[in-house]
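Coordinate analysis (summary)
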Amino acid sequence: MSAKEIFDLAMNYYNGTDVKKNKEKAAELFKEAANAGYKFAINNLAFMYKNGDGVKKDTEKAVMLLQQAADAGNGNAAYALAEMYFKSDSVPLDMKKSAQLLQQSVDANHPTAAYNLALMNYDGIHIEKNKKKAAILLQKSVDLGNAKAAYNLAVMYQTGDYFEQDLQQAAVFYQKSMDLGYDEAINNLAMMYKDGKGVEQNLDKAFALYQQAAKLNNSNATNNLAVMYKNGDGISKDLKKAVKLFQQAVKLGNSNAMNTLAGMYRNGNGVIKNMDQAVDLLQQASTLDNLDAIYNLAIIYRYDDILKDRKKSIILFTKAAGKGHAMAALHMPHKLIAQLFNKLDKLDKLEDNFLELEDNFLELEDTIRAIKERHIYTYKFPLAHFTSWPAIENIIPETAKENNVLRLYNVDYMNDPAEGRSLMNVKSTSSENSNVFLNDIFENTIFSNETNTINSVPPSIYSLSFTESSDRLDLWRAYGNDGDGFSIVTTFPIGGIEEISSRQTLDTFAKQIDTDNIQKNNLNTQPNIPPILFRVFYDDKNKLETIEKLNIPLKKIEDKLSKLNELAKNEIYYVLYATLLEVMYLYKDEQYSTEREVRVIQAMSLDDVKLDERKPGRLYCETTPFLFKNMSSKIVIGPKVQDRQVALWNLRYRLKKNGFGDTTSVVFSDVNYR
């Protein structure tokens, strides 16, 4: 018998084909064929020793035989041995050897080896990071039929990672991945059809694709299908179906579904109201690090009459804010208030008055939070930020890097001396909205960097301005470098206080060797959360209403000041000043009302800011990278910019290099500037 005939007979005994299954007999025949140099027999015998299948497990023999098979050009053997050197407990870890064996397996056209070697090059796992090589290997893996490789190439094209952003190409690779059977690709392609990105918008197609992926038990698609029924997106609204699908997604472990269904139980929307069920779902989602769920659970513990637990709410708000949840930051307790009462406890034992004063400050915190929430910008209109060419060069540099941020500058650099004083300057009409104490806090409290205050320098306000108009003569004159500037126009993913995400973020690359053809454990990219936007109010009616609301806790605090010593009073004035500061910049004089300004406002200490490039430098802080992410983004070239065509092509080049060519247009101002 030839070696191949012996091998075929061994396979019959191994599988029980035409003979009684006998793995021990199969092993003997594989040994005979292997001794004759038949590489497939060497491979199979190696796996039997590796797994203790029909023979006594022997890792040493398995490694020797796998190496022999790999050297003979067997891709499966090279891949299995690479996996052992990468993560096995049975052989010493050797990442260099693992990478070499993966390359051998790639050379033998092993699709999963090409995929995992791509991951190692992409992330620089034990080898030098090389995205170019990663992209080449992913393409080879796709050509060999690997669905996950096609998916990751789609993500790279969609996000502008290594490649220039190309949504149409992303859709092509999602389709390839889908055709190869990867359910997450079906979900993401459905998202593109739903939003009309990279493909023509087609809600029917999106619905059908979500259904297809949901039948494969894809939790994201099941959740997204439920959202379509809940909102009536392209289909008839059906809360009963939505609830059923959310429940299925919850069983599949989808944290967004847990969060959304919790909101429905909390509000009695499509289900019988059940707060216990809502809390249970939010707790499940919180353990999965769903930021919206952590935030919503904190809201319940902070404000629910029955479940109120301030300490629990602070822990949860702190956790969500620390991970980037913008709304959670609004509910964070003011650090200076906590420091104040730690210090007052030592300075002045007030017993009941002390506890009452602490409650008054907590009431003030809630009042300020309510005022700020009333100012939150919730419209979906595009907003414009006027800026200069040097700033443009920093935001979209010639060489690609994620720098699409805007800067908030110290408000003391503003030219208007009335900035931050509008509440103090409004004429009060009654004792309820009298601003006497407010003026006393800001006018008569002198901070001279005394060492006996909590901090030697109070926090300052840093501000970033937008307007609802992007191309208006008065705005170009006031903010657009007298027409020789630029207007960056962007939209924001605006949501309410308890907005719930309807989809998962895109997957990026996993960091472990894939033992199946489809990678199961992926890392999620974290969204770049845009800043909270606040509308500026100009009318006296709103200002007086705000003063009236502030006066309720402020008068209680004022009444207790007479019972304190001077040192304690100074501490309280200091904290009142710092606590109220952000509110003061939510209002401007009525003469500016046509600007319709929207602001990002942040109180920052000197420890948390930087100096810009000017001499002397000016203090600033930055937003997260959020610009140019949405399809309706654009840059308007000012009416007095010289060499407008030069500016046009320069901006197009920069946007393309930074991956924003498909999302952001460049246009000329329509203003006739004389």
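Structural data are supplied above this passage.
The following paragraphs examine the structure supplied in this document. (Residues numbered from 1 in each chain as written. Predicted model: local features only at pLDDT ≥ 70, side-chain atom pairs only at ≥ 80, totals over all residues. Heavy atoms only, no water.)

Right, let's talk about the overall build of the chain for a bit. The number of helices and strands found in the chain is 28 helices and ten strands. Expressed as a percentage of its 674 residues, the buried residues of the chain come to 50%. Summing over all exposed atoms, the chain offers an accessible surface of approximately 32100 Å²; the carbon and sulfur share of this is 47%. (Helix = DSSP H or I, 4+ residues; strand = E, 2+ residues; numbered from the N terminus. Buried < 20%, exposed > 50% of the residue type's maximum accessible area, 1.4 Å probe, protein only. Areas by Shrake-Rupley, 256 points an atom, 1.4 Å probe, with all protein chains shown as cover.)

Look at the link from K615 to P616: it is a cis peptide, with omega at -10 degrees. Unlike most non-glycine residues, D482 shows phi in positive territory, near 55 degrees. With respect to the helices and strands, D482 occurs in the loop between helix 25 (473–479) and strand 4 (486–490). You will see that R596, though not glycine, has its phi angle at about 50 degrees, which is positive. Position of R596 relative to the elements: it lies in the loop between helix 27 (566–584) and strand 6 (597–604).

Next up on the list: the packing of aromatic side chains. Each aromatic ring pair is summarised here by two numbers: the centre-to-centre distance and the angle between the ring planes. In this structure the tally under the stated criterion is 18 aromatic pairs. With 5.1 Å between their ring centres and 75 degrees between their planes, Y151 and Y182 make a pair best called edge-to-face. One end of the pair, Y151, is in helix 9 (residues 147–159); the other, Y182, is in the loop between helix 10 (167–179) and helix 11 (183–195), with 31 residues separating them in the sequence. Between the aromatic rings of Y157 and F173, the centroid separation amounts to 5.7 Å while the plane-to-plane angle is 10 degrees, which identifies the pairing as stacked. (Phe/Tyr/Trp six-rings, centres within 6.5 Å; stacked < 30°, edge-to-face > 60°.)

Here we take up the packing of helix 15 (residues 255–267) against helix 16 (residues 275–287). Look at helix 15 against helix 16: their axes get within 8 Å of each other, and the N-to-C directions meet at 160 degrees. As judged from the angle between their axes, helix 15 and helix 16 are roughly antiparallel. Remark: the crossing between helix 15 and helix 16 carries left-handed chirality. Side by side, helix 15 and helix 16 meet where S255, M258, N259, L261, A262, Y265 and R266 of the first sit next to M275, Q277, A278, L281, L282, Q284 and A285 of the second. A class-by-class count of the residues in the contact of helix 15 with helix 16 yields nine nonpolar, four polar and one charged. (Axes fitted to C-alpha atoms, helices over the stretch in contact; angles between N-to-C directions. Parallel < 35°, antiparallel > 145°, perpendicular 65-115°, else oblique. Left-handed = near helix turned anticlockwise from the far one by under 90°. Contact = heavy atoms within 4.5 Å. Nonpolar A, V, L, I, M, F, W, Y, C, P; charged D, E, K, R; others polar.)

Residue pairs spaced three or four apart in an α-helix point in one direction, given the helix's 3.6 residues per turn. Between its first and last C-alpha, helix 12 (residues 203–215) extends 18 Å over 13 residues, near the 18 Å set by a 1.5 Å rise per residue. Those residues of helix 12 that fall on the buried side of the exposure criterion are A206, F207, L209, Y210, A213 and A214. Buried residues of helix 12, viewed axially, fall in a sector of 165 degrees; they line one side. Seen from the open side of helix 12, the exposed residues pointing more than 90 degrees away from its buried face are D204 and K215. Looking at the buried residues of helix 12, the elements they touch are helix 10, helix 11 and helix 13 (219–231). Directly beyond the C-terminal end of helix 12, a positive phi value near 65 degrees is found at N217. (Expected span 1.5 Å × (residues − 1). Arc of directions from axis to C-beta.)

Two side chains carrying opposite charge are able to pair once their charged atoms lie near each other. All told, the structure shown has 28 salt bridges when counted by the stated rule. Here D8 makes a salt bridge to K4, at a shortest N to O gap of 3.0 Å. Placement of the pair is D8 and K4 together in helix 1 (residues 3–15), with a separation of four residues, close to one helical turn. We classify K4 as partly exposed; its relative accessible area is 45%. (Salt bridge = Lys/Arg side-chain N within 4 Å of Asp/Glu carboxyl O.)

Let us look at helix 3 (residues 39–51). Between its first and last C-alpha atoms helix 3 spans 19 Å; for 13 residues at 1.5 Å apiece the expected length is 18 Å, and the two agree. The set of residues buried in helix 3 consists of A41, I42, N43, L45, A46, M48 and Y49. Buried residues in helix 3 make contact with helix 1, helix 2 (23–35), helix 4 (59–71) and helix 5 (75–87). Downstream of helix 3 by a residue or two, G52 has a phi angle that is positive, lying close to 65 degrees.

This part is about the packing of helix 1 against helix 2. Two elements in contact, helix 1 and helix 2, have axes whose closest approach is 8 Å; the angle formed by their N-to-C orientations is 165 degrees. Between helix 1 and helix 2, the angle falls in the class roughly antiparallel. Handedness of the crossing formed by helix 1 with helix 2: left-handed. Residues A3, I6, F7, L9, A10, M11, Y13 and Y14 of helix 1 form the contact with helix 2, whose participating residues are K23, K25, A26, L29, F30, E32 and A33.

Attention now goes to the environment of T624. In this fold, T624 is placed in the loop between strand 8 (619–622) and strand 9 (633–637). Separated by 300 residues in sequence, T624 and G324 place their C-alpha atoms 9.4 Å apart.

Summarising the sheet, strand 2 (residues 407–410) and strand 8 pair through three bridges and their orientation is antiparallel. Counterpart to L408 in the pairing with strand 8 is C621. Bridge analysis of strand 7 (residues 610–611) against strand 8 gives two bridges, and the strand direction is antiparallel. Within strand 8, the position partnered with K610 by the bridge is Y620. (Pairing = 2+ DSSP bridges.)

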